[in-house]
Amino acid sequence: MYRFAFAAVAAATTALAAPALAQDAGATIMGNDDAAVGAVLSNDGTTIVVDTGSHQVPLGSDAFAEREGVWTLNTTQAELDTAWAQIVADQEAALAAALVVGADIMTSDAQALGTVEEITETGVVLTHADQPMELPLNLFSVSESGALIVLADMASIMAALNSAS
């Protein structure tokens, strides 16, 4: 659900940063106020997840700089938490607006999946190829263009349906 947020947070926290290559899980990241922003949870080489204590924020590796052997972000913990909370709130509002009966649903690989027939407390009921299915709410997001998407590709969805029947 937070894919398009990566760039926004990275842009907000980057200023003259060198690419980060060596942040290991558990490493402390310092802010521009010389206080800890958080600890690295994971680093896949392009996205580094920082746990601020309040949020687990995914950031692009180019958001970090090394200063005197310490990895830093050009932000404070409070600023990063505030920015991330706003991004999450904005995305939740966009999803709530897009997830309505009658809305078309696309897969993560840009294939038409179906149309929202019903929204329950736990899922979304849709019909695909004349077959009703219910997908969990946590699989839905909004693309950068505002389209309602399910966070799975068509092959994975069809494989899950086939194994369930």
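Structure shown above.
Residues numbered from 1 in each chain as written. Predicted model: local features only at pLDDT ≥ 70, side-chain atom pairs only at ≥ 80, totals over all residues. Heavy atoms only, no water.

K.L.:
Explain the overall build of the protein chain here, please?
P.N.:
Within the protein chain one finds three helices and twelve strands. Here the protein chain holds 165 residues, and 38% of them are scored as buried. Within the protein chain, counting contacts between residues at least 6 apart in sequence, those at least 24 apart form 47% of the total. Total accessible area on the protein chain stands at roughly 8,700 Å², and carbon and sulfur atoms take up 54% of it. (Helix = DSSP H or I, 4+ residues; strand = E, 2+ residues; numbered from the N terminus. Buried < 20%, exposed > 50% of the residue type's maximum accessible area, 1.4 Å probe, protein only. Contact = heavy atoms within 4.5 Å. Areas by Shrake-Rupley, 256 points an atom, 1.4 Å probe, with all protein chains shown as cover.)

K.L.:
Whenever I open this one, the pattern of salt bridges confuses me. Can you help?
P.N.:
This model, assessed by the stated rule, comprises one salt bridge. Among the salt bridges present, the one from Arg67 reaches Asp34, with a minimum N-O distance of 2.7 Å. Of this pair, Arg67 sits in strand β5 (residues 64–67) while Asp34 sits in the loop between β1 (28–30) and β2 (36–43); the two residues are 33 residues apart in sequence, bridging distant segments of the chain. (Salt bridge = Lys/Arg side-chain N within 4 Å of Asp/Glu carboxyl O.)

K.L.:
Help me understand the environment of Phe140, please; the structure alone is not making it clear to me.
P.N.:
With respect to the element layout, Phe140 can be found in strand β11 (residues 140–142). Overall, the relative accessible area of 1% leaves Phe140 in the buried class. In this view, Phe140 contacts Leu95, Leu99, Ile105, Val124, Leu126, Leu135, Leu148, Ile149 and Val150; residues no more than four positions away in its chain are not counted.

K.L.:
How should I be thinking about unusual backbone geometry in this particular structure?
P.N.:
Outside of glycine, negative phi angles account for most residues, and trans bonds account for most peptide bonds. Phi angles above zero are rare outside glycine, and Ala110 is one such case at about 65 degrees. Position of Ala110 among the secondary structure elements: in the loop between β7 (104–106) and β8 (112–119). Phi at Ala129 is positive, roughly 50 degrees, even though this residue is not glycine. Mapped onto the elements, Ala129 comes out in the loop between β9 (123–128) and β10 (131–136). According to the relative accessible area criterion, Ala129 is exposed, its value standing at 66%.

K.L.:
Is there a simple way to explain the environment of Asp44 in this structure?
P.N.:
When you line up the elements, Asp44 lands in the loop between β2 and β3 (47–51). Looking at Asp44, the relative accessible area reads 57%, which means it is exposed. It is 9.9 Å that separates the C-alpha atoms of Asp44 and Asp24, two residues lying 20 residues apart in sequence. Here Thr47 takes part through its backbone nitrogen, which lies 2.7 Å from a polar atom of the side chain of Asp44. (Polar contact = N/O pair within 3.5 Å; in protein donor to acceptor, adjacent residues only side chain to side chain.)

K.L.:
Explain the side chain of Thr107 to me, please; I cannot follow it from the model alone.
P.N.:
Turning to its location among the elements, Thr107 is positioned in the loop between β7 and β8. In contact with Thr107, not counting residues within four places along its chain, are Leu113, Val150, Ala152, Asp153, Met154 and Ile157.

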